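# Structure at a glance
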Amino acid sequence: MLTSGPFDWTSDSLHNLDERGLRRARRTIEPLSGGRCRLRNSADPEAILWNFAGNDYLGLAEDSRVLAAAQSALSESGTGSRASALVTGRTIWHERLESRLAEFKQCEAALLFPTGYAANVGTICGLVGNDDVVLCDRLNHASLVDGCRLSGATLRVYPHNDLTIVERELRKAASARRRLIVTDSLFSMDGDAARLADLACLAEEHNAMLLVDEAHATGLFSERGTGLLEAAGVKLPHVLAVGTLSKALGGQGGFVTGPQSVIDWLWNSARTQMFSTALTPAACAGAVTAIDIIEQEPQRRRWVLEQSAQLIAELRKQGWTIPENTCGPIIPLLIGEPGPTLELADQLQNQGCLTAAIRPPTVPHKTSRLRISLSWAHQEDGVNALRSALKRCQGR
Ligand SMILES: *Cc1c(COP(=O)(O)O)cnc(C)c1O
């Protein structure tokens, strides 16, 4: 056994995380139907919990039609795609999904990536470099931040949704080769929306590119369920929208939609899809069916949004602190310090509700929170279980 070595610092660093309540446990989940699960490595591995810590907003990860589509592609084409899309990994299933996404988002073209994370990093690095300026909302998802950093462009982080600063920074960047604004559409930790119509106007006025990450909004917002860009009346052909197949679509993978020339350029330049194996055919086939269901069954998204709005109003009345502009299925209860946040999550888990204790560095210091996400799969029984559990935690 080694007594000392070059990796010793890792134990010290873990100890340090422990002391600050920031160490992450590795959970093993057993997904069950109806938005439920078991936590296999918990004190009570047999307990059935409502899963309010997932992103399967429409219950499509367990939909029999999505499963059947994925299974048939699996049988026909195998478990893997065997190569990057650029070489021989792009099958008929990928082609179909890209056309379907372009049609759904009413854009000229779409490009698939192995994940949403890869879509953000690859797209941003394909669009800007050393001579450019990128403007990034302070609350943007880590994958957007990483893309901005890796691109080599000058990074300007602006206060959350502060368009006065965006405008000022665009003016200052007038002589840069290119300007790019990147934003989440529904922010993943506050559950509020970007001011997309205003951002689109600013982008147009200053000849800047606009990249909107619709990871949490696709499938939920707008009449057709495409996301917040359409809901805000922003003409989709003029902006790039990134999305993921792993949230409301219930599967796995990422994509970007936009003008044909941009998509063709990213096919030739986005390294995260050029040098990574293409999505599995099963993931593509499942996603095509998921989009069909999103179009055909608007009642799913309407129910989720209605239930969320109702629950947010009730919880505020009960004294919980929820960000002012939270407007969708992501409901953060602001607690402050990591310790009490973990305690609340434990209390809820003991009452059959699994939620996420979100702590730094995912969110800024002093803003640790309990993050609840609602899904169609929960149905009224699940939402009521959560209501009662939270009521019992009132005396915290
Ligand atoms: C989840 C998420 C991603 C990453 O998507 P994956 O497909 O899980 O890699 C990107 N952006 C935002 C805003 C997200 O919430």
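It should be emphasised that the depicted structure is a prediction, and the values quoted were computed from it without experimental measurement.

What counts and how
Residues numbered from 1 in each chain as written. Predicted model: local features only at pLDDT ≥ 70, side-chain atom pairs only at ≥ 80, totals over all residues. Heavy atoms only, no water. Pairing = 2+ DSSP bridges. Helix = DSSP H or I, 4+ residues; strand = E, 2+ residues; numbered from the N terminus. Axes fitted to C-alpha atoms, helices over the stretch in contact; angles between N-to-C directions. Contact = heavy atoms within 4.5 Å. Expected span 1.5 Å × (residues − 1). Buried < 20%, exposed > 50% of the residue type's maximum accessible area, 1.4 Å probe, protein only. Parallel < 35°, antiparallel > 145°, perpendicular 65-115°, else oblique. Left-handed = near helix turned anticlockwise from the far one by under 90°. Nonpolar A, V, L, I, M, F, W, Y, C, P; charged D, E, K, R; others polar. Near = heavy atom within 4 Å. Polar contact = N/O pair within 3.5 Å; in protein donor to acceptor, adjacent residues only side chain to side chain. Areas by Shrake-Rupley, 256 points an atom, 1.4 Å probe, with all protein chains shown as cover. Salt bridge = Lys/Arg side-chain N within 4 Å of Asp/Glu carboxyl O. Domains from an automatic or database assignment. Buried area = accessible area lost by both parts, 1.4 Å probe.

## A few points about the sheet that holds strand 4 (residues 109-113)
Strand order in the open sheet formed by 7 strands is 4-10-9-8-7-5-6, with mixed pairing between adjacent strands. Pairing within the sheet leaves two strands with one partner each, and these edge strands are strand 4 and strand 6 (154-158). Pairs of neighbouring strands in the sheet enclose a mean axial angle of 20°, with direction left out of account. Sheet topology places strand 4 next to strand 10 (residues 254-258); 5 bridges connect them, and they run antiparallel. Bridging from a neighbouring strand, Ala-110 pairs with Thr-257 of strand 10. Along the sheet, helix 4 (residues 92-104) makes contact with strand 4 and strand 10, crossing strand 4 at roughly 130°.

## Quick notes on helix 12 (residues 281-296)
Think of an α-helix as 3.6 residues a turn; residues three or four steps apart then line up on the same face. Look at helix 12: 23 Å from first C-alpha to last across 16 residues, which is about the 22 Å you get at 1.5 Å a residue. Of all 16 residues that make up helix 12, 13 are buried, and the element is covered over most of its length.

## Observations concerning the packing of helix 2 (residues 64-77) against helix 12
Here helix 2 crosses helix 12 at 150°, and the two axes come no closer than 7 Å. As the angle between them shows, helix 2 and helix 12 are arranged roughly antiparallel. Crossing handedness for the pair helix 2 and helix 12: right-handed. Facing helix 2, whose interface residues are Arg-65, Val-66, Ala-69, Ala-70, Ala-73, Leu-74 and Ser-77, helix 12 presents Pro-281, Ala-282, Ala-285, Gly-286, Thr-289, Ala-290 and Ile-293. Counted by class, the contact of helix 2 with helix 12 contains 10 nonpolar, 3 polar and 1 charged residues.

## Regarding the site of the ligand
Near the ligand, the surroundings consist of 15 residues, among which Gly-116, Asp-213, His-216, Thr-244 and Lys-247 are the closest. In this structure, an oxygen atom belonging to the ligand sits 2.9 Å away from a main-chain N or O atom of Tyr-117. Considering the ligand on its own, with 380 Å² of exposed area, one finds that the protein chains cover 85% of that surface. Among the elements that line the shell around the ligand, the one with the most residues is helix 5 (residues 116-127), at 3 residues. For the shell around the ligand, the residue count by class is 2 nonpolar, 10 polar and 3 charged.

## A word on the sheet that holds strand 11 (residues 330-336)
The strand order 11-14-13 describes an open sheet built from 3 strands, whose pairing is antiparallel. With one partner strand each, in any of the chains shown, strand 11 and strand 13 (356-358) form the two edges of the open sheet. The sheet shows a mean angle of 25° between the axes of neighbouring strands, taken without regard to direction. Across 6 bridges, the pairing between strand 11 and strand 14 (residues 368-373) is antiparallel. Each bridged residue has a counterpart across the sheet, and for Gly-336 the counterpart in strand 14 is Ser-368.

## Overview of the side chain of Glu-169
In this structure, Glu-169 sits in helix 7 (residues 163-172). On the accessibility criterion, Glu-169 (10% relative accessible area) is buried. Those residues in contact with Glu-169 that lie beyond four places of it in its chain are Leu-135 and Arg-156.

## A short note on unusual backbone geometry
Here the residue pair Pro-360 and Pro-361 is connected by a cis peptide bond, since its omega of 5° sits within 30 degrees of zero. Within the secondary structure layout, Pro-361 lies in the loop between strand 13 and strand 14. Unusually for a residue other than glycine, Asn-161 sits at a positive phi of about 60°. Here Asn-161 lies in the loop between strand 6 and helix 7. Given the relative accessible area of 14%, Asn-161 is considered buried.

## A few points about the pattern of salt bridges
Per the counting criterion, the structure on display carries 26 salt bridges. Salt-bridge contacts for Asp-63 lead to Arg-65; the nearest nitrogen and oxygen are separated by 2.9 Å. A relative accessible area of 35% places Arg-65 in the partly exposed class. Taking the shortest distance from any N to any O, the salt bridge between Arg-100 and Glu-295 comes out at 2.8 Å. Linking Arg-100 in helix 4 with Glu-295 in helix 12, this pair joins segments that are 195 residues apart in sequence. By relative accessible area, which is 34% here, Glu-295 ends up partly exposed.

## With respect to the domain arrangement of the protein
For interface size, the figure often reported is the accessible area lost on association. Segmentation of the protein into domains returns domain 1 (26-55 + 298-393) and domain 2 (63-296). Centre-to-centre separation of domain 1 and domain 2, based on C-alpha positions: 26 Å. Of the roughly 1,600 Å² buried between domain 1 and domain 2, counting both surfaces, carbon and sulfur atoms make up 57%. For domain 1, the biggest contributors to the area lost against domain 2 are Asn-55, Arg-301 and Ile-330; these three give 36% of the whole.

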